[in-house]
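Topology and contacts: notes
What follows is the residue order along each chain.
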Amino acid sequence: MYLYNFKGDIMYKVLNNDLIKEYIDETPDIRALLLSDDESIDKLDVSEIGDGNLNFVYNIKCDKKSLILKQAVPFLRCVGEEYPLSRIRMVFEIEALKIEKEICPQYVPKIYYDSVDMSLVVMQNLDSHKILRGEMINREVFPFLSEHISTFLADTLFYTTDFYLSSAQKKEGVKKFINKELCKITEDFIFTHPYEDNETNECNPKLDISVVKKFRENRDVKTAVAKMRYKFMTDAQALLHGDLHTGSIMLNKDETYVIDPEFAFYGPIGFDVGIYLANLVMSYFSLKEDENFYKDYVLAMIKDTWEMFASKFKTNMVENEKKRKSLQWSYPDGLEHFGHYADSFVKDVFDDSVGFMACEMFRRTVGLAKVADVAGIEDLERRAEVEIKVLESAIKFITFNYNSIDEVIEEMQKI
Ligand code: SR1
Ligand code: MG
């Protein structure tokens, strides 16, 4: 039933609910996680639960035991087999999960098994946790989320920079994460297609096309987006998650987990921060006039996430510098000067974050991949009103300079 290669490993096959059981039966390391030797695979309960754009995700249960199996297929799930995509993305996902787990064990699910041949990873089932996007649509509040996400961002991003790694380690890291195909998806679907007449773009039919034209034909917007695109392609600052929207976070009131890092590569720090903030901003604009409590909550999330991230990243820089005592800063007052440099570095990350935030907001409105917070609004006229706010604020974010997150929030409140 399965083909084996010369090393005796199972060769790739696209799984489905039935094939998963057979696969588990033939893979002792996974089988032992769910069944005792004398138990039959018929006891397994398998359901496909993936709602992402790329892969298939199976929830596998046996009595009280359960796990998640995620498999990459050789095409882009949301488009279909006519959009081929190599399965190597699973290698990047596995490697990134392992690095993130080492840096932030409390925010990354446990990995039980991985197979490069089968392009799959078997992980902890976060069955008492839900996807953040859905929880925000249900107006749920999470007291520790900003604390957790700001630490995840500050630590995964800092501990993979040249500030922390040796020059050689960092370059090895960059080489290991040449994630060509998924970076190209981002270059196309975030930074290119939304600004052109592309067949993959999709718009709410009730969205006034003149507003779309307004940013597509605005030279300042296009120049600024081109700069963000170039920065994304060239600025290998740190190992990014690469797709840190609110659908890549699972949580409950106490715990937060970041999942799905298949887009991981060495890129600009502000990309991860900006994508996350953009998804909060879109959630904010999706709220109705009278939802003041949740509006204030989302604005507080935006402010807290940025401010906690900035402070934690700076602390990481300064504390690490004290230990490293690099020559560059060791002259009298060196550490104080380094503190100024850290402030200036973090301000550059802020500017990048606001720019990437705008790019994510444009593409989630007129591009292929939408966000349910906005696209899920059934009344298309109301959805269009929200989309106009998203586009108008994105135009401001990409063309103006802001000194602080408070200024960004003030801008949002004016729209
Ligand atoms: C064409 S793939 C669309 C999007 O899905 C992923 O989650 C990424 O955000 C990608 O841009
Ligand atoms: Mg994903």
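Throughout this document, residue positions are counted from 1 along each chain, in the order its sequence is written. By the order in which they are written, chains take letters starting at A while ligands take numbers starting at 1. It should be noted that, the model being predicted, local features are given only for residues of pLDDT at least 70 and side-chain atom pairs only at 80 or more, the latter also being counted only at that level, while totals for whole chains, interfaces and linings use all residues. Computation of side-chain values covers all heavy atoms of the structure but excludes hydrogens and water.

Observations regarding unusual backbone geometry
For Asp 63, which is not glycine, the phi torsion reads 50 degrees and is therefore positive. Numbering goes from the N terminus for both helices and strands, where a helix is a DSSP run of H or I of at least four residues and a strand is a run of E of at least two. Here Asp 63 shows up in the loop between β2 (56-62) and β3 (65-71). In the Ramachandran plot, Asp 260 falls in the positive-phi region, its phi being about 65 degrees despite a non-glycine side chain. In this structure, Asp 260 sits in the loop between β11 (256-258) and β12 (265-267). Accessibility here uses a 1.4 Å probe with only protein chains present; expressed as a share of the type maximum, an area under 20% marks a residue as buried, one over 50% as exposed, and anything in between as partly exposed. Look at Asp 260 and you get partly exposed, because its relative accessible area is 23%.

Some remarks on helix α8 (residues 209-216)
All buried positions along α8 are accounted for by Val 211, Val 212, Phe 215 and Arg 216. For α8, the angular spread of the buried residues around the axis is 140 degrees, confining them to a single face. Residues count as neighbours in contact if any of their non-hydrogen atoms are within 4.5 Å of one another. In this fold, the buried residues of α8 make contact with α9 (219-234), α12 (334-366) and α14 (380-399). This arc describes the spread of directions from the helix axis toward the C-beta atoms.

A look at the site of ligand 1
Residues in contact with ligand 1, as listed here, are Asn 53, Leu 54, Leu 76, Ile 185, Phe 189, Asp 243, His 245, Phe 263, Arg 363, Arg 364, Leu 368 and Ala 369. In protein, a polar contact requires one atom able to donate a hydrogen and another able to accept it; more generally it is a pair of N or O atoms within 3.5 Å, and residues adjacent in sequence count only if both atoms are side-chain atoms. Here Asp 243 contributes a side-chain N or O atom positioned 2.7 Å from an oxygen atom of ligand 1. Note on areas: Shrake-Rupley, 1.4 Å probe, and residue coverage restricted to the protein chains presented here. In isolation ligand 1 has 310 Å² of accessible area, and contact with the protein removes 96% of it. Listed by contribution, the elements that provide at least two residues to the shell around ligand 1 are α7 (180-189) and α12. When residue character is reported, Ala, Val, Leu, Ile, Met, Phe, Trp, Tyr, Cys and Pro are called nonpolar, Asp, Glu, Lys and Arg charged, and the others, Gly included, polar. Among the residues making up the shell around ligand 1, the classes are represented as seven nonpolar, two polar and three charged. The start and end points of each domain follow an automatic or database-based domain assignment. Counting residues domain by domain, the shell around ligand 1 receives three or more from each of domain 1 (3-124) and domain 2 (130-414). Proximity is defined per residue: if any heavy atom of the residue lies within 4 Å of a molecule or strand, that residue is considered near it.

Some details on the sheet that holds β2
Taken in spatial order, the five strands make up an open sheet running β1-β2-β3-β7-β6, and their pairing is antiparallel. The open sheet has two free edges, formed respectively by β1 (45-48) and β6 (111-115), since each of these has just one partner strand. Each strand axis lies, on average, 20 degrees off the axis of its neighbour in the sheet, ignoring direction. When DSSP finds two or more bridges between a pair of strands, those strands are recorded as paired. Where β2 lies against β3, seven bridges are found, and the strand directions are antiparallel. Of the residues in β3, the one forming a bridge with Cys 62 is Lys 65. All axes here are fitted lines through C-alpha atoms, helices being fitted over the stretch that makes contact, and every angle between N-to-C directions spans 0 to 180 degrees.

Let's talk about the sheet that holds β11
As summarised here, the arrangement of the three strands in space is β8-β10-β11, forming an open sheet in which the pairing is antiparallel. The open sheet is flanked by β8 (130-131) and β11, the only strands paired with a single partner. Pairing between strand β10 (residues 249-251) and β11: three bridges, direction antiparallel. When the sheet's bridge partners are listed, Ile 249 is paired in β11 with Val 258. Packed on one face of the sheet, helix α5 (residues 145-158) meets β10 and β11 and runs near 35 degrees to β11.

Thoughts on the pairing of strand β7 (residues 120-124)
The element β7 is extensively covered by neighbouring structure, given that five of its five residues are classed as buried. Sheet topology note: the β3/β7 ladder contains five bridges and is antiparallel. Bridge pairing in β7 places Ile 68 opposite Met 123. Across four bridges, β6 lies against β7 in antiparallel orientation. Following the sheet pairing, Tyr 113 is matched in β7 by Val 122.

With respect to the pattern of salt bridges
For this document, the term salt bridge refers to a Lys or Arg side-chain nitrogen within 4 Å of an Asp or Glu carboxyl oxygen. On inspection of all chains with the given rule, the structure shows 29 salt bridges. The partner of Lys 253 in a salt bridge is Glu 140, and the shortest N-O contact between them spans 3.2 Å. Placement of the pair is Lys 253 in the loop between β10 and β11 and Glu 140 in the loop between α4 (132-137) and α5, with a sequence separation of 113 residues. With relative accessibility at 40%, the residue Lys 253 sits in the partly exposed group.

Section: the domain arrangement of the chain
Where interface size is given, it is often the accessible area lost as the parts come together that is meant. The domain architecture assigned to the chain consists of domain 1 (3-124) and domain 2 (130-414). Between domain 1 and domain 2, the C-alpha centre-to-centre distance is 29 Å. Taken together, the contacts link 26 residues of domain 1 with 28 residues of domain 2. The term buried area refers to how much accessible surface (probe radius 1.4 Å) is lost by two components on association, counted for both of them together. Each partner contributes to the roughly 2,300 Å² buried at the junction of domain 1 and domain 2, and carbon and sulfur atoms together form 68% of this total. Glu 262 is the salt-bridge partner of Lys 70, the closest N and O atoms lying 3.5 Å from each other. In this assembly, domain 1 and domain 2 are joined by six residue pairs in polar contact (both at pLDDT 80 or more). Among the elements that make up the side of domain 1 that touches domain 2, the one with the highest residue count is helix α3 (residues 89-103) (nine residues).

Things to note about the packing of aromatic side chains
Here a Phe, Tyr or Trp ring, Trp counted by its six-membered ring, pairs with any other such ring whose centre lies within 6.5 Å, and the pair is stacked when the planes are under 30 degrees apart, edge-to-face when over 60, and tilted otherwise. In total, this model carries 28 aromatic pairs according to the counting rule given. Judged by centre distance (5.8 Å) and plane angle (80 degrees), the ring pair of Tyr 195 and Phe 362 falls under edge-to-face. Of this pair, Tyr 195 sits in the loop between α7 and α8 while Phe 362 sits in helix α12, and the two are 167 residues apart along the sequence. Following the ring pairs from residue to residue traces out a cluster consisting of Phe 158, Tyr 159, Phe 163, Tyr 164, Trp 306, Phe 309, Phe 313, Phe 338, Tyr 341, Phe 345 and Phe 350. The ring of Phe 56 is capped by Arg 77, whose NZ or CZ atom sits 4.0 Å from the centre of that ring. Both a distance and an angle decide whether a charge sits over a ring: NZ of Lys or CZ of Arg must be within 6 Å of the ring centre and within 35 degrees of the ring normal. Directly above the aromatic system of Phe 142 lies the positively charged group of Lys 253, at a separation of 4.9 Å from the ring centroid.

Here we look at the packing of α9 against α14
It is at 9 Å that the axes of α9 and α14 come closest, and there the two elements cross at 65 degrees. Judged on the interaxial angle alone, α14 and α9 are roughly perpendicular. Viewed along their axes, α9 and α14 form a crossing whose handedness is left-handed. Of the residues in α14, those in contact with Asp 220, Val 221, Ala 224, Val 225 and Met 228 of α9 are Ile 395, Ile 398 and Thr 399. Per-class residue counts for the contact of α9 with α14 are six nonpolar, one polar and one charged. Here the word oblique covers every angle except those under 35 degrees (roughly parallel), over 145 (roughly antiparallel) and from 65 to 115 (roughly perpendicular). The handedness criterion is simple: a crossing whose near helix is rotated anticlockwise from the far helix by less than a right angle is left-handed, and one whose near helix is rotated clockwise is right-handed.

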